[in-house]
Amino acid sequence: MTENLTTTAAGGATRTLLMCGAVAGPLYIVVVLLQMLTRDGFDISRYPASMLSNGDQGWIQIANFAVSGLLFMAGAVGLHRARGPAGRGGTWGPRLVGVFGAGMVAAAFFSADPADGFPPGTPLGPPTSMSTHGMVHLLVSGVAFLALIAACFAFGRRFAAAGHRGWAALSTLIGVLFLAAWISIFTIQGSRVANVAFALAIALVMAWTSLLAAYRLTRPGAAARA
């Protein structure tokens, strides 16, 4: 009797963690979209979403980073518990998602610098110098993005080994697209097309991460394996 209750509790905890991961991506995307429509002077083709952390309403994006990051970290724990048989993709994939979530939380504490007229009142053009918190923001963002790209390939390899070709192809494709979009903002700096492509790639990879948690959540027996 005690063993059955323990198994049920473990399964319920895993489901809750996976539900956190499933809502993390949509929550972040919706909050950013609402700010794009309401924040004066913000243009996604000119500014990354991280710059929404500045200004009188910057607390909204700061909270978005913190809450979404914590949800991704919780989802990573759920993915680890429901990963099934051992394997590198099954072990490292959830860990890398957790690193991404931690990077989002760190981005809440270290905001990007204002630049190029945003928020309103900021001088046009790039900043003449970068603050310490701005440099830390770039560092943690880079680590988070690299971790999420690696997670795509780790899960792609794991799905391929398990014979789930659709998920394997999707995971690998999203990893490639996100990496290409990230590189493009450095190789063609100032390109509005590249900026929009990168914003879409971030939304896509976050949606993939949440879909992955939802997939694990709906798999029969996933919670029992926890």
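Everything numeric here is computed off the predicted structure, so don't read it as measured data. (Residues numbered from 1 in each chain as written. Predicted model: local features only at pLDDT ≥ 70, side-chain atom pairs only at ≥ 80, totals over all residues. Heavy atoms only, no water.)

**Comments concerning the overall build of the protein chain**
(1) Moving on: The secondary structure content of the protein chain amounts to six helices and zero strands.
(2) Moving on: From first element to last, N terminus to C terminus, the protein chain shows the α and β order α-α-α-α-α-α.
(3) Moving on: Buried residues in the protein chain amount to 46% of all 226 residues.
(4) Moving on: Restricting to contacts in the protein chain with at least 6 residues of sequence separation, those with at least 24 account for 71%.
(5) Moving on: When the accessible surface of the protein chain is summed, it comes to about 11,300 Å², and 70% of that surface belongs to carbon and sulfur atoms. (Helix = DSSP H or I, 4+ residues; strand = E, 2+ residues; numbered from the N terminus. Buried < 20%, exposed > 50% of the residue type's maximum accessible area, 1.4 Å probe, protein only. Contact = heavy atoms within 4.5 Å. Areas by Shrake-Rupley, 256 points an atom, 1.4 Å probe, with all protein chains shown as cover.)

**Some details on the pattern of salt bridges**
(1) Moving on: Per the stated rule, a full pass over the model turns up two salt bridges.
(2) Moving on: Here Asp-43 ties to Arg-192 by a salt bridge, and the two come within 3.4 Å at their closest N and O atoms. Placement of Asp-43 in the loop between α1 (2-38) and α2 (58-81) and of Arg-192 in helix α6 (residues 192-218) is noted, with a sequence separation of 149 residues between them.
(3) Moving on: Overall, Arg-192 belongs to the partly exposed group, its relative accessible area being 45%.
(4) Moving on: Arg-46 serves as the salt-bridge partner of Asp-116, at 3.1 Å between the closest nitrogen and oxygen. With Asp-116 in the loop between α3 (88-109) and α4 (132-162) and Arg-46 in the loop between α1 and α2, this residue pair connects regions lying 70 residues apart in the sequence.
(5) Moving on: In this structure Arg-46 comes out as partly exposed when scored by relative accessible area, which is 32%. (Salt bridge = Lys/Arg side-chain N within 4 Å of Asp/Glu carboxyl O.)

**Considering the packing of aromatic side chains**
One pair of aromatic rings is described through two measures. These are the centre distance and the angle between the planes.
(1) Moving on: Considering all chains together, one arrives at 15 aromatic pairs under this definition.
(2) Moving on: Arranged with centres 5.9 Å apart and planes meeting at 15°, the rings of Phe-178 and Phe-198 form a pair that is stacked. Of the two residues, Phe-178 is situated in helix α5 (residues 165-187) and Phe-198 in helix α6; the sequence distance between them amounts to 20 residues.
(3) Moving on: Clustering of aromatic rings is evident, with ring pairs tying together Phe-145, Phe-178, Trp-182, Phe-186 and Phe-198. (Phe/Tyr/Trp six-rings, centres within 6.5 Å; stacked < 30°, edge-to-face > 60°.)

**What to know about the side chain of His-137**
(1) Moving on: Positionally, His-137 belongs in helix α4.
(2) Moving on: On the basis of relative accessibility, which here comes to 4%, the residue His-137 falls in the buried class.
(3) Moving on: Residues in contact with His-137, not counting those within four places in the same chain, are Ser-50, Ala-107, Phe-110, Ser-111 and Ala-112.

**Some points on the confidence of the model for the protein chain**
(1) Moving on: Per-chain confidence: the protein chain averages 88 in pLDDT, with 89% of residues scoring 70 or above.
(2) Moving on: The spread of mean pLDDT over the elements of the protein chain runs between α1, the lowest at 81, and α2, the highest at 96.
(3) Moving on: Contacts of residues 1-10 to residues separated by more than four positions or lying in other chains number two contacts, the stretch itself having pLDDT below 50.
(4) Moving on: Across residues 220-226, confidence stays below pLDDT 50; counting only partners more than four residues off in sequence or on other chains, it has 13 contacts. (pLDDT = per-residue confidence, 0-100.)

**Remarks on the packing of α4 against α6**
(1) Moving on: One can describe the packing of α4 onto α6 by two numbers: an axis separation of 12 Å at closest approach and a directional angle of 45°. What the angle tells us is that α4 and α6 run oblique. Our pair here, α4 against α6, has a crossing hand that is left-handed. Where α4 abuts α6, its residues Phe-145, Leu-148, Ala-151, Cys-152, Phe-155 and Phe-159 lie against Phe-198, Ile-202, Val-205, Trp-208, Thr-209, Leu-212, Tyr-215 and Arg-216.
(2) Moving on: When grouped by side-chain class, the residues that make up the contact of α4 with α6 number 12 nonpolar, one polar and one charged. (Axes fitted to C-alpha atoms, helices over the stretch in contact; angles between N-to-C directions. Parallel < 35°, antiparallel > 145°, perpendicular 65-115°, else oblique. Left-handed = near helix turned anticlockwise from the far one by under 90°. Nonpolar A, V, L, I, M, F, W, Y, C, P; charged D, E, K, R; others polar.)

**Considering the environment of Val-196**
(1) Moving on: Structurally, Val-196 is set in helix α6.
(2) Moving on: Between the alpha carbons of Val-196 and Pro-48 there is a distance of 8.9 Å; along the sequence they are 148 residues apart.
(3) Moving on: Contact partners of Val-196, with chain neighbours within four places excluded, come to Ile-44 and Ser-45.

**Comments concerning α5**
(1) Moving on: Look at α5: 33 Å from first C-alpha to last across 23 residues, which is about the 33 Å you get at 1.5 Å a residue.
(2) Moving on: Turning to α5, its buried residues are Trp-167, Ala-168, Ser-171, Ile-174, Gly-175, Phe-178, Ala-181, Trp-182 and Ser-184.
(3) Moving on: Taken together, the buried residues of α5 touch α4 and α6. (Expected span 1.5 Å × (residues − 1).)

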